[in-house]
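# Survey of secondary and tertiary structure
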Amino acid sequence: MCSSVDYHQVPIATGRYSGSSITHNNTTTSTIAMTSTSRRTFVIHALTASGALAASSLALSQTAAAPMVKDTDANAVALGYKADGSKTDTKKYPKYAASQNCANCALYQGKATDAAAACPLFAGKQVAAKAWCSAWAKKAA
Ligand code: SF4
């Protein structure tokens, strides 16, 4: 027979406890008497833990690398972007020079030594340091 449940009693599986036990269908469950203070503390700890988890997830997502621009992306095709700048169609883009690449372009958002970085022309993606596109502009020394 089932009796009414006292919601101030929280079943626990392990650990220290003091209090009583509940018998239901011949199964005894140990319980801990939870005062309003310990409930408040539990809620605060739970919220703190979930907040910390959310913050670490956010930090992780911010450090995760953005996808690379592909030569076949629509705006890459429009700008003549090639992940390997040496494969640029020089007939179509005669201003290309072998010395030009994303790493020495004014729009490259990374350090010259970074293998890839953001470019404002390709929002949410990264361009390869050795890539090139027709918007290349010499980075100021
Ligand atoms: S604008 Fe500059 S950094 Fe951006 S893709 Fe073109 S060459 Fe690379």
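Keep in mind the model is a prediction, meaning the values are calculated, not measured.

Reading guide: rules and limits
Residues numbered from 1 in each chain as written. Predicted model: local features only at pLDDT ≥ 70, side-chain atom pairs only at ≥ 80, totals over all residues. Helix = DSSP H or I, 4+ residues; strand = E, 2+ residues; numbered from the N terminus. Buried ≥ 20, exposed ≤ 12 C-beta atoms within 10 Å, placed from the backbone. Contact = placed C-beta atoms within 7 Å. Near = placed C-beta within 6 Å. Nonpolar A, V, L, I, M, F, W, Y, C, P; charged D, E, K, R; others polar. Core = buried A, V, L, I, M, F, W, Y, C linked by C-beta atoms within 7 Å. pLDDT = per-residue confidence, 0-100.

### Some remarks on the overall build of the chain
The helix and strand inventory of the chain stands at two helices and five strands. Along its sequence from the N terminus, the chain presents helices and strands in the succession β-β-β-α-α-β-β. Looking at the chain as a whole, 16% of its 141 residues are labelled buried. Within the chain, contacts between residues separated by at least 24 positions form 49% of all contacts whose residues are at least 6 apart in sequence.

### Section: the site of the ligand
Taken together, 13 residues lie around the ligand, and Cys-102, Cys-105, Cys-119, Cys-133 and Trp-136 are the ones closest in. For the shell around the ligand, a count of residues per class yields 13 nonpolar, no polar and no charged.

### A few points about the nonpolar core
For soluble globular proteins, the rule of thumb is that nonpolar side chains tend to be buried together. With 18 residues, the main nonpolar core has Cys-102, Val-127, Ala-128, Ala-131 and Trp-132 as its most contacted residues. When residues no more than four places from it in sequence are discounted, the contact partners of Val-127 are Val-69, Cys-102, Ala-116, Ala-117, Cys-119 and Phe-122.

### Focus on the environment of Ala-103
Secondary-structure assignment places Ala-103 in the loop between α2 (74-79) and β4 (116-118). On the neighbour-count criterion, Ala-103 (21 C-beta atoms within 10 Å) is buried. Placed 36 residues apart in sequence, Ala-103 and Lys-139 show a C-alpha to C-alpha distance of 8.8 Å. In contact with Ala-103, not counting residues within four places along its chain, are Tyr-108, Ala-112 and Ala-129.

### Points about the confidence of the model for the chain
Looking at the chain, pLDDT values average 75 and 55% of them are 70 or higher. Scored below 50 in pLDDT, residues 1-24 shows 31 contacts in the model against residues more than four places distant or in partner chains. Every residue in residues 27-32 is under pLDDT 50, and counting partners more than four places away or in other chains gives 22 contacts.

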